[in-house]
Amino acid sequence: MKINTAEFVISNSDVSKCPREPLPEYAFIGRSNVGKSSLINMLTDRKSLAKTSGRPGKTQLINHFKINENWFLVDLPGYGYARVSKQTKQTFQAFIMDYFEQREQLVCAFVLIDIRLEAQKIDLEFITYLGETEVPFCIVFTKADKISRGKVDQHVAAYRQKLLANNWAEMPPHFVTSATESTGREQLLGYIDEVNQT
Ligand code: GTP
Ligand code: MG
């Protein structure tokens, strides 16, 4: 898919104030610093459309980006990092849960997982929550440039085993990405394109 236009629309912490247009949207979620904002920049081929940082907790609001005038990418705050404010001591911030529970335009959540790490409890909990909330999701492994190709395959296989052990019947659609090397860009955009056409 070619990205012709990518524009920031609005940031907020209130799902009722998100754009009203009935356009399909795709949200990026995962632990703080996993690379959500970087992935959005990589996919749109815009260097600083979404704000990134080496320090966790950079994205703090729901950010809507309109793509090709007919769908949205949504950058969300990370979970699992409690420095931001006292309220974020809750595992998942209330307005993020509201977003997943109430946003009718949401077509698919992309759950980002750092390819280098063993399966983390907090991610498995979030995936379970998405399942219970009946939100379709894919898994996106990030930072694949940081390990060898062989290790990538090993880590993906280990994640699949972990999900099966957590009572998932199968691994959801998944992608291996690197924001620095644009790995996985065509696959992910192709997937979105396919879903947008159905
Ligand atoms: P929060 O908004 O704080 O939740 O973080 P985020 O998930 O949006 O992460 P962000 O995109 O800001 O990236 C965090 C750090 O990881 C930055 O220093 C990025 O440059 C780095 N990073 C993100 N993706 C990749 C990647 O694919 N490869 C490498 N090597 N670094 C990455
Ligand atoms: Mg971010």
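Before any of the text, the structure's been laid out above.
This section reports on the structure supplied with the text.

What counts, and where the lines are drawn
Residues numbered from 1 in each chain as written. Chains lettered and ligands numbered in written order. Predicted model: local features only at pLDDT ≥ 70, side-chain atom pairs only at ≥ 80, totals over all residues. Helix = DSSP H or I, 4+ residues; strand = E, 2+ residues; numbered from the N terminus. Rg over C-alpha atoms; globule rule 2.2 N^0.38 Å. Buried ≥ 20, exposed ≤ 12 C-beta atoms within 10 Å, placed from the backbone. Contact = placed C-beta atoms within 7 Å. Near = placed C-beta within 6 Å. Nonpolar A, V, L, I, M, F, W, Y, C, P; charged D, E, K, R; others polar. Core = buried A, V, L, I, M, F, W, Y, C linked by C-beta atoms within 7 Å. Pairing = 2+ DSSP bridges. Right-handed = clockwise from strand over helix to strand, strands pointing away.

## Some remarks on the overall build of the protein
Part 1 of the reasoning: Helix and strand counts for the protein stand at five helices and seven strands.
Part 2 of the reasoning: Listing every helix and strand of the protein by position from the N terminus yields β-β-α-β-β-α-β-α-β-α-β-α.
Part 3 of the reasoning: A compact globule built from 198 residues would reach a C-alpha radius of gyration of about 16 Å, and the protein, at 16 Å, matches this within 12%.
Part 4 of the reasoning: Each principal axis of the C-alpha distribution contributes one length, and for the protein these read about 40 × 40 × 35 Å.
Part 5 of the reasoning: Across the 198 residues that make up the protein, the buried fraction comes to 35%.
Part 6 of the reasoning: At a minimum sequence separation of 6, the contacts of the protein that also span at least 24 residues come to 73%.

## Quick look at the site of ligand 1
Part 1 of the reasoning: The local shell around ligand 1 holds 23 residues, among which Gly35, Ser38, Thr52, Thr59 and Gly78 are the closest.
Part 2 of the reasoning: Looking at the shell around ligand 1 element by element, the count peaks at three residues for helix H1 (residues 36–44).
Part 3 of the reasoning: Split by residue class, the shell around ligand 1 holds four nonpolar, 14 polar and five charged.

## Some remarks on unusual backbone geometry
Part 1 of the reasoning: Positive phi outside glycine occurs at Glu134, with the angle close to 60°.
Part 2 of the reasoning: Within the secondary structure, Glu134 sits in the loop between helix H3 (121–133) and strand E6 (137–142).
Part 3 of the reasoning: With a phi angle near 60°, Lys143 is a residue other than glycine that sits in the positive phi range.
Part 4 of the reasoning: With respect to the helices and strands, Lys143 occurs in the loop between E6 and helix H4 (149–165).

## Things to note about the nonpolar core
Part 1 of the reasoning: If you look at the biggest cluster of nonpolar residues, it comprises 41 residues, and the most contacted ones within it are Ala27, Phe28, Val111 and Leu112.
Part 2 of the reasoning: No other element matches the six residues that strand E5 (residues 106–114) contributes to this core.
Part 3 of the reasoning: Excluding residues within four positions of it along the chain, Val111 makes contact with Ile29, Gly30, Asp123, Phe126, Ile127, Phe137, Ile139 and Val140.

## Description of the pairing of E5
Part 1 of the reasoning: Bridge analysis of strand E2 (residues 25–30) against E5 gives six bridges, and the strand direction is parallel. Across the sheet, the residue bridging to Gly30 is Leu112, located in E5.
Part 2 of the reasoning: Note: E5 against E6, six bridges, orientation parallel. Paired with Val111 across the bridge in E6 is Ile139.
Part 3 of the reasoning: Taken together, E5, H3 and E6 form a β-α-β motif whose crossover is right-handed.

## Regarding the environment of Arg31
Part 1 of the reasoning: Mapped onto the fold, Arg31 is located in the loop between E2 and H1.
Part 2 of the reasoning: C-beta crowding within 10 Å serves as the criterion here: with 21 such atoms nearby, Arg31 is assigned to the buried category.
Part 3 of the reasoning: For the pair Arg31 and Thr52, spaced 21 residues apart in sequence, the C-alpha to C-alpha distance is 14 Å.
Part 4 of the reasoning: Beyond its immediate stretch of four places on either side in the chain, Arg31 contacts Gly78, Tyr79, Gly80, Ile122 and Asp123.

## A closer look at the environment of Asn196
Part 1 of the reasoning: Relative to the helices and strands, Asn196 is located in helix H5 (residues 185–197).
Part 2 of the reasoning: Look at Asn196 and you get partly exposed, because 16 C-beta atoms sit within 10 Å.
Part 3 of the reasoning: Between the C-alpha atom of Asn196 and that of Leu39, which follows or precedes it by 157 residues, the distance is 19 Å.
Part 4 of the reasoning: Among all residues touching Asn196, those that are not within four sequence positions of it are Pro24 and Trp71.

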